[in-house]
Amino acid sequence: YLGGVSWAILVARVCQLFPNMGPSQLVVRFFRVYSRWNWDPSEGAVILCHSEQRSGDGFQHHKVWCPPPKRTTVEQPMAASASPMAVITPAYPSMNSTFGVTSMTMETLKRELERGASIIATKGVNLSSRANWESLIEPLHFFQYDQGGYKQFLQIEIGGASELSHKSAEGLVNSKLKPLLLRKMPEAVPEDSCKVTYRAWTGAMPIEDPCREYPYCSALFVGLSIPVGMDLRPAVREFMERLGVELATQMPEYKAGGMFDVRVRHVPSASLPDSVRSVTCKRKTADLPDDDATNDDAAKRVRLT
């Protein structure tokens, strides 16, 4: 998904398009614009300024982003190295800040932008009401399937014999989750399936070791929405093999002594640990406008930074 730099560039582009609008109006325009945006990177890259090209000593190794070749038909596949989304950094050398977005995460982003635009269209453009703001920034019920969360999860458990070994292994596994697993999962998706989504929960959560082997244990969670019969075992197996190489290389003293272990389980939402199922991602709602506030007062009081 997107990082802070990408979101900042998206907001800045809307501010460029509508320089005379207030904060609450810009929020409305943000969802309206990007819910209809053509995200084809060859045509719809989000760019704040023209990319700067430099030549000479010291610049030959700086690769500046350039749009991929334009596709003649929608069915024509994109280049293997092309991201389905392009949000370009303005400083030299210009780069695509959304290079990690995959086709599946792109569909989730588009769906959420459309949902935000739908909420604004339903509530109207007047966002001076607290109720309207709260419906737009409602909490993420990641682990609660009955409230719109995921039904299935990959639970990556990290157990350690000591606090130091556990924290070291947890940090390494967390850093390798995206490049070694999440970017490989699209390869396991059937071509005719367009409703496959996944999302990783930010950070590890402490749990009791299901195998009761280690006193220190935590888990990373990846929410899954997959069709029946889809086999993720090849992707998980490759992840564990490559992760084992990374652990043996970077933490040989712990691996050799059996100071920690990493396990992956496929867990339904009903079988999640009790401490995990109750977690909700609460967004900050400080300084939301009161229902009786005027539009001008609301625009002054809402903090978007």
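Higher on the page you've got the structure.
From a predicted model like this one, the values you see are computed outputs, not experimental measurements. (Residues numbered from 1 in each chain as written. Predicted model: local features only at pLDDT ≥ 70, side-chain atom pairs only at ≥ 80, totals over all residues. Heavy atoms only, no water.)

**Student:** Got a minute to help me understand the overall build of the protein in this structure?
**Tutor:** Within the protein, the secondary structure is distributed over nine helices and five strands. For the protein, the α and β elements follow one another from N to C terminus as α-α-α-α-β-α-β-β-β-α-α-β-α-α. A separation threshold of at least 6 residues defines the contact pool for the protein, and within that pool the share at least 24 residues apart is 73%. Of the roughly 17,500 Å² of accessible surface on the protein, 52% is carried by carbon and sulfur atoms. (Helix = DSSP H or I, 4+ residues; strand = E, 2+ residues; numbered from the N terminus. Contact = heavy atoms within 4.5 Å. Areas by Shrake-Rupley, 256 points an atom, 1.4 Å probe, with all protein chains shown as cover.)

**Student:** So what exactly am I meant to see when it comes to the environment of Ile158 here?
**Tutor:** Turning to its location among the elements, Ile158 is positioned in strand S1 (residues 152-160). The class of Ile158 is buried, set by a relative accessible area of 0%. Through-space distance from the C-alpha of Ile158 to that of Ala204 is 9.0 Å; in sequence the pair is 46 residues apart. The residues touching Ile158, leaving out its near neighbours within four places in the chain, are His166, Ala169, Glu170, Val173, Tyr216, Cys217, Ser218, Leu220 and Asp261. (Buried < 20%, exposed > 50% of the residue type's maximum accessible area, 1.4 Å probe, protein only.)

**Student:** Teacher, can you tell me more about unusual backbone geometry here?
**Tutor:** Here the bond from Tyr92 into Pro93 is cis, since omega is -10 degrees, no more than 30 degrees from zero. When you line up the elements, Pro93 lands in the loop between helix H2 (23-35) and helix H3 (103-123).

**Student:** Would you explain the side chain of Thr89 in this entry?
**Tutor:** Assignment of secondary structure puts Thr89 in the loop between H2 and H3. Overall, the relative accessible area of 17% leaves Thr89 in the buried class. For Thr89, the residues in contact, after removing those within four places along its chain, are Val5, Ile9, Ser94, Met95 and Ser97.

**Student:** Sorry if this is basic, but what is going on with the packing of helix H1 (residues 4-17) against H2 here?
**Tutor:** The angle between the axes and the distance between the axes are what describe a pair of packed helices. For the pair H1 and H2, the least separation of the axes is 10 Å and the interaxial angle reads 105 degrees. In terms of their interaxial angle, H1 and H2 are classed as roughly perpendicular. Touching Trp7, Leu10, Val11, Arg13, Val14 and Cys15 of H1 are Leu26, Arg29, Phe30 and Tyr34, all from H2. When its residues are assigned to classes, the contact of H1 with H2 shows eight nonpolar, no polar and two charged. (Axes fitted to C-alpha atoms, helices over the stretch in contact; angles between N-to-C directions. Parallel < 35°, antiparallel > 145°, perpendicular 65-115°, else oblique. Nonpolar A, V, L, I, M, F, W, Y, C, P; charged D, E, K, R; others polar.)

**Student:** Whenever I open this one, H2 confuses me. Can you help?
**Tutor:** A turn of α-helix holds 3.6 residues, and therefore any two residues three or four places apart point the same way. The terminal C-alpha atoms of H2 lie 18 Å apart, and with 13 residues this matches the ideal 18 Å at 1.5 Å per residue to within 8%. Buried within H2 we find Ser24, Leu26, Val27, Val28, Phe30, Phe31, Val33, Tyr34 and Ser35. (Expected span 1.5 Å × (residues − 1).)

**Student:** Explanation requested: the pattern of salt bridges in the structure shown.
**Tutor:** A pair can form between side chains of opposite charge whenever their charged atoms are brought close. In this structure the tally under the stated criterion is nine salt bridges. Across the pair Arg265 and Glu157 runs a salt bridge whose closest N-O atoms are separated by 2.4 Å. Of this pair, Arg265 sits in strand S5 (residues 260-268) while Glu157 sits in strand S1; the two residues are 108 residues apart in sequence, bridging distant segments of the chain. You can call Glu157 buried: its relative accessible area is 0%. (Salt bridge = Lys/Arg side-chain N within 4 Å of Asp/Glu carboxyl O.)

**Student:** In this structure, what is going on with the environment of Lys63? I would like to understand it.
**Tutor:** Looking at the secondary structure, you find Lys63 in the loop between H2 and H3. Linking Lys63 and Pro93, residues 30 residues apart in sequence, is a C-alpha distance of 6.7 Å.

**Student:** Teacher, can you tell me more about the nonpolar core here?
**Tutor:** One broad trend across soluble globular proteins is that nonpolar side chains are buried collectively. Among the nonpolar cores identified, the biggest contains 24 residues, and Leu10, Phe30, Phe31, Tyr34, Trp39, Val46 and Met85 are the most heavily contacted of them. Those elements giving two or more residues to this core turn out to be H1, H2, H3 and helix H4 (130-136). Looking at this core, the element that brings in the most residues is H2, giving seven residues. Other than its neighbours up to four places away in sequence, Val46 contacts Ile9, Leu10, Arg13, Tyr34, Trp37, Trp39, Ala86, Val87 and Ile88. Residues Leu154, Leu181, Phe260 and Val262 belong to the second largest nonpolar core, which totals 23 residues. (Core = buried A, V, L, I, M, F, W, Y, C linked by side-chain atoms within 4.5 Å.)

**Student:** I tried to follow the packing of aromatic side chains on my own but got confused; where do I start?
**Tutor:** Where two aromatic rings form a pair, the distance of their centres and the angle of their planes describe that pair. In this structure the tally under the stated criterion is nine aromatic pairs. Seen from their ring centres, Tyr34 and Trp37 are 5.4 Å apart, and the 50 degrees between their planes marks the pair as tilted. A relative accessible area of 2% means that Tyr34 is categorised as buried. Look at Trp37 and you get partly exposed, because its relative accessible area is 22%. When the centroid spacing of 6.0 Å and the interplanar angle of 45 degrees are considered together, the rings of Trp37 and Trp39 count as tilted. (Phe/Tyr/Trp six-rings, centres within 6.5 Å; stacked < 30°, edge-to-face > 60°.)

Read these as spatial facts, not as claims about activity.
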